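Letter by letter, the chains look like this.
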Amino acid sequence: VDLPSPPVVVAVAADGRSAAVTAAGRLAVVGPGRTGVDFEDARIKYRAAAFTPDGRRLVAAGDDRTAVVFDVELGKELDRFDWPAGGAEALAVSPD
(Lines give C-alpha, C1' and ligand atoms only; values in the text may rest on other atoms or scores of the structure.)
Protein backbone atom coordinates (compact mmCIF):
# COMPACT_ATOMS: atom_id res chain seq x y z
CA VAL A 1 0.00 0.00 0.00
CA ASP A 2 1.36 3.38 -0.94
CA LEU A 3 0.64 5.62 2.05
CA PRO A 4 1.59 9.32 2.04
CA SER A 5 3.52 9.07 5.33
CA PRO A 6 4.60 6.46 7.90
CA PRO A 7 1.68 4.60 9.53
CA VAL A 8 0.21 6.14 12.67
CA VAL A 9 -2.09 3.29 13.74
CA VAL A 10 -1.73 -0.40 13.06
CA ALA A 11 -4.44 -2.90 14.03
CA VAL A 12 -3.90 -6.62 13.46
CA ALA A 13 -6.77 -9.07 12.90
CA ALA A 14 -7.07 -11.93 15.41
CA ASP A 15 -5.87 -14.48 12.83
CA GLY A 16 -2.77 -12.38 12.15
CA ARG A 17 -3.36 -12.42 8.38
CA SER A 18 -4.61 -8.85 7.90
CA ALA A 19 -3.56 -5.49 9.27
CA ALA A 20 -5.13 -2.05 9.12
CA VAL A 21 -2.81 0.92 8.80
CA THR A 22 -3.56 4.63 8.87
CA ALA A 23 -1.48 7.53 7.66
CA ALA A 24 -2.37 11.12 6.83
CA GLY A 25 -6.07 10.37 7.30
CA ARG A 26 -6.12 7.34 4.99
CA LEU A 27 -7.00 3.86 6.18
CA ALA A 28 -5.99 0.69 4.35
CA VAL A 29 -6.18 -3.05 5.03
CA VAL A 30 -3.28 -5.21 3.88
CA GLY A 31 -2.63 -8.94 4.02
CA PRO A 32 -2.16 -12.05 1.85
CA GLY A 33 -3.76 -11.55 -1.54
CA ARG A 34 -4.61 -7.94 -0.75
CA THR A 35 -3.00 -5.00 -2.44
CA GLY A 36 -4.54 -2.68 0.13
CA VAL A 37 -8.26 -2.07 0.39
CA ASP A 38 -8.46 1.68 0.84
CA PHE A 39 -11.13 3.24 3.06
CA GLU A 40 -10.38 6.89 2.37
CA ASP A 41 -12.95 9.37 3.65
CA ALA A 42 -11.96 13.02 3.34
CA ARG A 43 -14.16 13.92 6.31
CA ILE A 44 -12.21 11.79 8.80
CA LYS A 45 -8.59 11.87 9.91
CA TYR A 46 -8.42 8.27 11.15
CA ARG A 47 -6.56 7.87 14.43
CA ALA A 48 -7.75 4.50 15.76
CA ALA A 49 -8.81 1.17 14.26
CA ALA A 50 -9.82 -2.30 15.48
CA PHE A 51 -10.98 -5.49 13.78
CA THR A 52 -13.97 -7.46 15.00
CA PRO A 53 -12.94 -10.84 16.46
CA ASP A 54 -13.89 -12.66 13.22
CA GLY A 55 -11.84 -10.21 11.12
CA ARG A 56 -14.75 -9.47 8.77
CA ARG A 57 -15.38 -5.93 9.99
CA LEU A 58 -13.13 -3.02 10.81
CA VAL A 59 -14.10 -0.14 13.08
CA ALA A 60 -12.19 3.10 12.60
CA ALA A 61 -12.49 6.49 14.23
CA GLY A 62 -10.82 9.83 14.19
CA ASP A 63 -11.01 13.52 14.95
CA ASP A 64 -14.60 14.08 13.84
CA ARG A 65 -16.31 12.22 16.75
CA THR A 66 -17.46 9.44 14.43
CA ALA A 67 -16.77 5.69 14.37
CA VAL A 68 -17.23 3.94 11.04
CA VAL A 69 -17.79 0.20 10.55
CA PHE A 70 -16.44 -1.25 7.29
CA ASP A 71 -16.83 -4.62 5.58
CA VAL A 72 -13.17 -5.61 5.13
CA GLU A 73 -13.70 -7.85 2.09
CA LEU A 74 -15.89 -5.43 0.15
CA GLY A 75 -14.33 -2.18 1.36
CA LYS A 76 -17.81 -0.76 1.98
CA GLU A 77 -19.06 1.35 4.86
CA LEU A 78 -21.73 -0.55 6.81
CA ASP A 79 -22.55 1.83 9.63
CA ARG A 80 -21.53 5.10 11.28
CA PHE A 81 -21.84 6.10 14.93
CA ASP A 82 -21.53 9.55 16.50
CA TRP A 83 -20.60 10.33 20.10
CA PRO A 84 -20.46 13.60 22.04
CA ALA A 85 -16.92 13.18 23.42
CA GLY A 86 -13.75 14.31 21.63
CA GLY A 87 -11.92 12.47 18.87
CA ALA A 88 -10.86 8.85 19.31
CA GLU A 89 -7.36 7.87 20.38
CA ALA A 90 -7.99 4.11 20.72
CA LEU A 91 -10.63 1.50 19.89
CA ALA A 92 -11.49 -2.01 21.05
CA VAL A 93 -14.18 -4.37 19.81
CA SER A 94 -15.76 -6.93 22.15
CA PRO A 95 -16.75 -10.42 20.96
CA ASP A 96 -20.43 -9.79 21.64
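Structure's up top.
Residues numbered from 1 in each chain as written. Predicted model: local features only at pLDDT ≥ 70, side-chain atom pairs only at ≥ 80, totals over all residues. Heavy atoms only, no water.

Peer 1: Give me the lowdown on the pairing of strand β5 (residues 46–51), citing residues and values where you can.
Peer 2: Judged by how many residues are buried, β5 sits mostly within the fold: five of six residues are covered. Bridging between β5 and strand β6 (residues 57–62) involves five bridges; their strand directions are antiparallel. Along β6, the bridge assignment pairs Ala-49 with Ala-60. Where β5 folds back on β6, the antiparallel hairpin that results is connected by five residues, among which Gly-55 adopts a positive phi of roughly 75°. (Buried < 20%, exposed > 50% of the residue type's maximum accessible area, 1.4 Å probe, protein only. Helix = DSSP H or I, 4+ residues; strand = E, 2+ residues; numbered from the N terminus. Pairing = 2+ DSSP bridges.)

Peer 1: I'd like a description of the packing of aromatic side chains, backed by residues and values.
Peer 2: Under the criterion given, the structure shown has one aromatic pair. For the pair Tyr-46 and Phe-70, a centre-to-centre distance of 6.4 Å together with 65° between the ring planes defines the contact as edge-to-face. Residue Tyr-46 is located in strand β5, and its partner Phe-70 is located in strand β7 (residues 66–71); the two are separated by 24 residues in the primary sequence. Pair check on accessibility: Tyr-46 and Phe-70 agree, each one buried. (Phe/Tyr/Trp six-rings, centres within 6.5 Å; stacked < 30°, edge-to-face > 60°.)

Peer 1: Please give an account of the nonpolar core that cites residues and values.
Peer 2: By size, the foremost hydrophobic cluster in this structure holds 14 residues, and its most contacted members are Ala-20, Leu-27, Ala-49, Phe-51 and Leu-58. The biggest single contributor to this core is β5, with three residues. Counting six residues, the second-largest nonpolar core is a separate cluster that includes Val-59, Ala-61, Ala-67 and Ala-88. (Core = buried A, V, L, I, M, F, W, Y, C linked by side-chain atoms within 4.5 Å.)

Peer 1: I'd like to hear about the pattern of salt bridges, residue by residue, with values.
Peer 2: Using the criterion set out here, one finds two salt bridges in the structure. Arg-57 is the salt-bridge partner of Asp-71, the closest N and O atoms lying 3.2 Å from each other. Here Asp-71, found in strand β7, pairs with Arg-57, found in strand β6; they are 14 residues apart in sequence, far enough to count as distant. Residue classification places Asp-71 among the buried residues on the basis of a relative accessible area of 12%. Here Arg-80 and Glu-77 are joined by a salt bridge, their closest N and O atoms 2.7 Å apart. The exposure class assigned to Arg-80 is partly exposed, which follows from its relative accessible area of 25%. (Salt bridge = Lys/Arg side-chain N within 4 Å of Asp/Glu carboxyl O.)

Peer 1: Describe the pairing of β6, listing the residues and the values that go with them.
Peer 2: Among the six residues that make up β6, five are buried, leaving the element largely enclosed by the rest of the structure. The sheet contact formed by β6 and β7 spans five bridges and is antiparallel. For Arg-57, the partnering residue across the bridge sits in β7 and is Asp-71. If you look at the hairpin formed by β6 and β7, you'll find three residues sitting between the two strands, and Arg-65 has a positive phi there, around 65°.

Any link to function would need more than the numbers given here.
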